[in-house]
Amino acid sequence: MKYFVHTIAVILLFVACCTGAAKGNVVELSSTVDSVGSDYTANATVIEQKKQEMLSIADSVGNYLFSDDAEFQSQDPHAYWLMNRMMQMMKQIVTADDCWAWMLAMNESIEEYNTRLGRKIGSVDAACNAIDELINVYNAGNQPELNTASYVESILMHYKAVYAYYRLIESINDHDDNSDWDKQLRALYYCEFKEWFDINNAVNGIMYFYTYASAGYSALSIDLNGTFEIWSRDRLTELEIERDIYWSFDWKPFESDANSISPKKFGKLLDYFKTRRKSDVVEELFGDLYDKKDRDYEYAEWRVGSKYDFDKIAEMLCYYETALTNWREVREQIAMMLPKEKQKSYREITKQMHTRLYNDLVGLKEVRF
């Protein structure tokens with residue numbers, strides 16, 4: 001599966017080059033190095049090593065549209081430095097553990113950013129807002145600048161979501177030195193993060209290799225990056241609800257108004273993608289334009305055949321299905337560990353996320369040209 005995860009990272013980079021916080025979300029970063037999570041990640045040594053590798057990457061390694069834009073960089077040199085660090089380091093992500101290392105490396109980079117500004121303490125939100133404000137300049141520019149802005153914004157939102165996982169996991173503590181309950185729950189939440197990471201990568205693969213495989217319009221990057229950003233933003237919102245369920249002092253039971261999607265119904269949706277073939281895509285894209293005997297229709301068949309790799313699509317679907325099954329299981333394990341009065345609320349946010357994942361996948365059924 002590492003191949004697929006790496007593929008999606010390359011896809012996001014390729015796409016870019018070719019073409020909010022809830023209450024209580026402001027957190028101060030101390031000068032203490034962030035915890036790698038030796039009691040819940042199971043790969044703390046590897047994660048720490050990956051983090052150090054990322055931090056050692058030279059600022060000039062990547063080649064982005066903004067890399068040679070001195071005027072853009074001068075708008076806010078410190079925010080530019082932090083944004084560039086984020087983009088350089090994220091290219092090293094292959095696995096969920098790598099993603100965790102990237103988040104931790106970003107946390108340390110934000111500390112360095114605050115030091116450059118002469119601050120002893122600063123918030124993650126303020127640093128992210130500085131990147132947002134800087135890259136927003138490109139949202140008033142030409143198509144390549146618009147594409148680049150959408151790419152940076154999607155990666156920034158992904159960092160916010162992963163950082164929200166970190167905040168939630170690190171906040172789990174029952175203050176009982178004789179209990180392993182908190183360690184077990186943190187480990188389960190990290191497992192849930194890894195399954196979400198795999199689901200995210202798989203659905204990105206489905207989006208790229210199926211939904212947009214034959215698309216070539218100038219704003220393609222914006223659509224791809226924008227969709228990825230929405231998925232990360234939605235997960236961030238869900239994590240804020242989960243954190244309230246676990247941690248908030250004024251916690252109130254949560255009830256979702258989302259329709260319940262059964263695993264069987266979700267399975268039928270996955271089967272739809274599994275059974276799609278070249279002839280189905282050609283008919284969907286060109287069936288109303290050409291007669292099947294026309295040479296143009298033959299050309300359309302050839303083009304679809306050259307753009308779509310149905311073996312790879314099938315592998316992405318298998319990747320998604322496995323991660324989704326594991327995700328459901330670990331979510332229920334987490335629910336069972338929570339206090340009785342909070343289990344229903346947690347299952348409600350699980351239901352909401354499950355429905356959202358289903359709807360996200362439904363949105364990828366229509367092929368784009």
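Preceding this section is the structure that the text describes.
Definitions and limits used
- Residues numbered from 1 in each chain as written.
- Predicted model: local features only at pLDDT ≥ 70, side-chain atom pairs only at ≥ 80, totals over all residues.
- Heavy atoms only, no water.
- Helix = DSSP H or I, 4+ residues; strand = E, 2+ residues; numbered from the N terminus.
- Areas by Shrake-Rupley, 256 points an atom, 1.4 Å probe, with all protein chains shown as cover.
- Axes fitted to C-alpha atoms, helices over the stretch in contact; angles between N-to-C directions.
- Parallel < 35°, antiparallel > 145°, perpendicular 65-115°, else oblique.
- Contact = heavy atoms within 4.5 Å.
- Nonpolar A, V, L, I, M, F, W, Y, C, P; charged D, E, K, R; others polar.
- Core = buried A, V, L, I, M, F, W, Y, C linked by side-chain atoms within 4.5 Å.
- Buried < 20%, exposed > 50% of the residue type's maximum accessible area, 1.4 Å probe, protein only.
- Expected span 1.5 Å × (residues − 1).
- Polar contact = N/O pair within 3.5 Å; in protein donor to acceptor, adjacent residues only side chain to side chain.
- Phe/Tyr/Trp six-rings, centres within 6.5 Å; stacked < 30°, edge-to-face > 60°.
- Lys NZ or Arg CZ within 6 Å of the ring centre and 35° of its normal.

Regarding the overall build of the chain
No. 1: Looking only at helices and strands, the chain has 14 helices and 2 strands in total.
No. 2: When the accessible surface of the chain is split by element, carbon and sulfur atoms take 49% of a total near 17200 Å².

Structural notes on the packing of helix H4 (residues 77-90) against helix H6 (residues 124-135)
No. 1: One way to put it is that H4 packs onto H6 with a least axis distance of 9 Å and a crossing angle of 100°. One way to sum up the angle between H4 and H6 is to call them roughly perpendicular. Seen from H4, the contacting residues are Ala79, Tyr80, Leu82 and Met83; seen from H6, they are Ala127, Ala130, Ile131, Leu134 and Ile135.
No. 2: Taken together, the residues of the contact of H4 with H6 sort by class into 9 nonpolar, no polar and no charged.

As for the nonpolar core
No. 1: Counting 114 residues, the largest nonpolar core has Met83, Trp100, Trp102, Tyr320 and Leu361 as the members making the most contacts within it.
No. 2: Ranked by the residues each element gives to this core, the list is headed by helix H7 (residues 143-171), at 15 residues.
No. 3: In this structure tyrosine 320 touches Ile199, Ala202, Val203, Ile206, Phe266, Leu270, Leu357 and Leu361, once residues within four positions along its chain are discounted.

Quick look at the environment of alanine 187
No. 1: Within the secondary structure layout, alanine 187 lies in helix H8 (residues 181-211).
No. 2: For the pair alanine 187 and aspartate 39, spaced 148 residues apart in sequence, the C-alpha to C-alpha distance is 7.2 Å.

Digging into helix H13 (residues 310-337)
No. 1: Helix length check: H13 (28 residues) gives 41 Å between terminal C-alpha atoms against 40 Å at 1.5 Å per residue, within 8%.
No. 2: Capping of H13 at its N-terminal end is provided by aspartate 309; its side-chain oxygen lies 3.2 Å from the backbone amide nitrogen of aspartate 311.

Looking at the packing of aromatic side chains
No. 1: By the definition in use, this model includes 27 aromatic pairs.
No. 2: An aromatic cluster is present here, built from Tyr40, Trp100, Trp102, Tyr159, Tyr163, Tyr165, Tyr166, Tyr190, Phe193, Trp196 and Phe197 joined pairwise through their rings.
No. 3: Against the face of tryptophan 81 rests arginine 116, its NZ or CZ located 4.0 Å from the ring centre.
No. 4: The ring centre of tryptophan 247 lies 4.6 Å from the NZ or CZ of arginine 243, which sits over that ring.

Observations regarding unusual backbone geometry
No. 1: The phi dihedral of alanine 42 is positive, around 70°, even though this residue is not glycine.
No. 2: As for its position among the elements, alanine 42 is in the loop between strand S1 (28-29) and helix H2 (44-55).
No. 3: The exposure class assigned to alanine 42 is exposed, which follows from its relative accessible area of 73%.

Focus on H4
No. 1: Taking 1.5 Å per residue as the helical rise, H4 with its 14 residues ought to reach 20 Å, and the 20 Å between its terminal C-alpha atoms agrees with that figure.
No. 2: Among the 14 residues that make up H4, 12 are buried, leaving the element largely enclosed by the rest of the structure.
No. 3: Among all positions in H4, only Ala79, Tyr80, Trp81, Leu82, Met83, Asn84, Arg85, Met86, Met87, Gln88, Met89 and Met90 are buried.
No. 4: On its buried side, H4 packs onto H2, helix H3 (70-75), helix H5 (96-116), H6 and H7.

Thoughts on the packing of H6 against H7
No. 1: Taken N-terminus to C-terminus, the directions of H6 and H7 make an angle of 170°; their axes are 10 Å apart at the nearest point. Classed by the angle they form, the pair H6 and H7 counts as roughly antiparallel. Facing Val124, Cys128, Ile131, Asp132 and Ile135 of H6, the residues of H7 in contact are Ala149, Val152, Glu153, Leu156, Tyr159, Lys160 and Tyr163.
No. 2: The class makeup of the residues in the contact of H6 with H7 is 9 nonpolar, no polar and 3 charged.

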